[in-house]
Amino acid sequence: MPQIRLTTPLTNEVVEKLRIGQRVLLNGVLYTARDAAHKKMVELLDRGEKLPIPLEGQVIYYVGPSPAKPGRVIGSAGPTTSGRMDPYAPRLIALGLKGMIGKGKRSPEVIKAIKQYKAVYFAAVGGAAALLARAIKSCRVVAYPELGPEAIHELIVEDFPVIVVNDVLGADLYDEGVKIYAGR
């Protein structure tokens, strides 16, 4: 299966064509956010305040990057477990978030929001953090610096490798993979 090269922000038309198992190379802006940043964003929304980053068409990478070594843009940048963001993700998806990158399964509520609002969940390969960091060309903190590595960063990426795990049809690569392996 050939790799698909996409540039953020993503549109409904682009996301609607993606299917589980497809390999994608992302280019453009990704934002980082883990559970502490997600909690802060939802608290802002609850107070009727503006978010510190745009959501429309954007992709959030669930990562807390390690500090950059001399001469590098970023340290290791491997995905964190996505389930910790599940309580917050449906609300952000409803506001226009088009993609999320992490590892592990998503809740039924997140998959429902992915289908309803035309979004996609990508997996990045855990254990390949140093390799993933090579695709990151710049990194700057844009919100919540007090959270350290869990601050929201803006990343500029070139050919950042991910795999479609949940698509707009509600398909789940993890479930399908188990069926294929089991011979069903």
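Quick look at the structure, then. Residue indices begin from 1 for each chain and proceed along its sequence in written order. Local features in a predicted model are, by the rule used here, given only for residues with pLDDT of at least 70; side-chain atom pairs are given and counted only at 80 or more, and totals for whole chains, interfaces and linings are based on all residues. Excluded from the side-chain calculation are hydrogens and water; included are all heavy atoms of the structure.

## So, the pairing of strand β5 (residues 120-123)
For a regular strand, the rule is simple: side chains alternate between the two faces of the sheet.
And then number 1: Side chains Val120 and Phe122 of β5 all project onto a buried face; the interleaved residues Tyr121 and Ala123 project onto the opposite face, where all are buried too.
And then number 2: As paired elements, strand β4 (residues 99-102) and β5 share 4 bridges and run parallel to each other. Pairing of Gly102 across the sheet is with Ala123, part of β5.
And then number 3: Two strands pair under a simple rule: DSSP has to find at least two bridges between them. Helix and strand labels come from DSSP, where a helix needs a run of H or I of at least four residues and a strand needs a run of E of at least two; each type is numbered from the N terminus. Of the pairings in the sheet, the one linking β5 to strand β7 (residues 152-166) comprises 3 bridges and is antiparallel in character. Its bridge partner being in β7, Ala123 is matched across the sheet by Ile163. Three labels apply to residues, based on accessible area from a 1.4 Å probe with only protein chains included: buried if under 20% of the type maximum, exposed if over 50%, partly exposed otherwise in between.

## Observations concerning the layout of surface pockets
And then number 1: In the cavity and pocket records, a cavity denotes points on a 1 Å grid over the protein atoms alone where a 1.4 Å probe fits but cannot get out, a pocket denotes an open set with protein on both sides within 12 Å along at least 5 of 7 lines, and lining residues are residues with an atom within 4 Å of a point. Grid points are joined across faces, edges and corners, and a volume is the space filled by probe spheres set on the points. Counted as a void, the largest pocket has a volume near 270 Å³.
And then number 2: Taken together, Ser66, Pro67, Lys69, Arg72, Val73, Ile74, Gly75, Ser76, Ala130, Ala133, Arg134 and Ile136 form the lining of the largest pocket.
And then number 3: Gly counts as polar in this scheme, as do all residues outside two lists: the nonpolar Ala, Val, Leu, Ile, Met, Phe, Trp, Tyr, Cys and Pro, and the charged Asp, Glu, Lys and Arg. Here the lining of the largest pocket is composed, by residue class, of 6 nonpolar, 3 polar and 3 charged.

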